[in-house]
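Spelled out, the chains give:
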Amino acid sequence: MSKNKVRKKLLILRKKNYKPIVVNFRLLEKILKKNNFSKNKKIGAYYPINFEINCLESLKKIRNIISLPIIGKNNQMDFFEWSFLEPLKIGKFGIPEPNKLKKIYPDILFVPMVGFDKHKYRIGYGGGYYDRYINKLLKIKKILTVGLAFSFQEVKKLPINNYDKKLDYILTEKNLIE
């Protein structure tokens, strides 16, 4: 099955099965402890849209620097510092973005997903933003990538290509794929 067909099928499934739950904090803590993740590390998060799993509520419990993405010129994505006390503005694709323009290079990146497989590959909306950003960031520093999704978004095997980036972990409301 093509990526577009898989994506379309999974988006319908996610909308139909969505429940407003947040990331399992116990499993998130396990990832952070296993990777010696200290308070001075920077987190790249996302604002949940389109029935995505919510990572922001769990991040309120962590005292790290948080950043959210902004899609800029030439469809390039970068992350900018944000705190829960600051208002957000509506960005290019109708997604809330930080007003502050202090660019951050996250140490851990939470990645939204339309679907995933047991090999830790993901499928997104098809724009390649996260794959390009991960590739760019890996040229600058070592990062930890954690895909976030509902367990029902798992498929047996995703069609992948050379641009697709394998994630370090996938975290669902039920389990952790290491």
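Residues numbered from 1 in each chain as written. Predicted model: local features only at pLDDT ≥ 70, side-chain atom pairs only at ≥ 80, totals over all residues. Heavy atoms only, no water.

Extensive coverage of strand S3 (residues 77–82) is indicated by the burial of 6 of its 6 residues. Neither face of S3 is exposed, since Met77, Phe79 and Glu81 on one face and Asp78, Phe80 and Trp82 on the opposite face are all buried. In the sheet, strand S2 (residues 65–71) pairs with S3 via 6 bridges, with the strands oriented antiparallel. Within S3, the position partnered with serine 67 by the bridge is glutamate 81. Linkage of S2 to S3, two consecutive antiparallel strands, is achieved through a turn of 5 residues, within which asparagine 74 is found at a positive phi near 55°. (Buried < 20%, exposed > 50% of the residue type's maximum accessible area, 1.4 Å probe, protein only. Helix = DSSP H or I, 4+ residues; strand = E, 2+ residues; numbered from the N terminus. Pairing = 2+ DSSP bridges.)

So, about the nonpolar core. Membership of the largest hydrophobic core comes to 43 residues, with the highest contact counts inside it found for Leu28, Leu59, Phe110, Leu148 and Leu171. Take this core: its biggest share by element is 5 residues, from helix H2 (residues 25–34). Here leucine 59 is in contact with Leu28, Ile43, Ala45, Ile66, Phe84 and Phe110, once residues within four sequence places are set aside. Judged by nonpolar contacts, the second largest core, of 7 residues, contains Leu10, Val114, Val155 and Leu158. (Core = buried A, V, L, I, M, F, W, Y, C linked by side-chain atoms within 4.5 Å. Contact = heavy atoms within 4.5 Å.)

Counted by the stated rule, this structure contains 6 salt bridges. For lysine 3, the salt bridge is made with aspartate 164, and the minimal N-O distance between the two is 2.7 Å. Remark: aspartate 164 occurs in the loop between strand S10 (144–148) and strand S11 (169–171) and lysine 3 occurs in helix H1 (residues 3–17); sequence separation between them is 161 residues. With a closest N to O distance of 3.4 Å, glutamate 81 and lysine 102 form a salt bridge. Taken as a pair, glutamate 81 in strand S3 and lysine 102 in the loop between strand S5 (96–98) and strand S6 (103–104) lie far apart in primary sequence, 21 residues in all. Note on lysine 102: relative accessible area 49%, which makes it partly exposed. By sharing partners, the salt bridges in this structure join Asp78, Lys103 and Lys136 into a single network. (Salt bridge = Lys/Arg side-chain N within 4 Å of Asp/Glu carboxyl O.)

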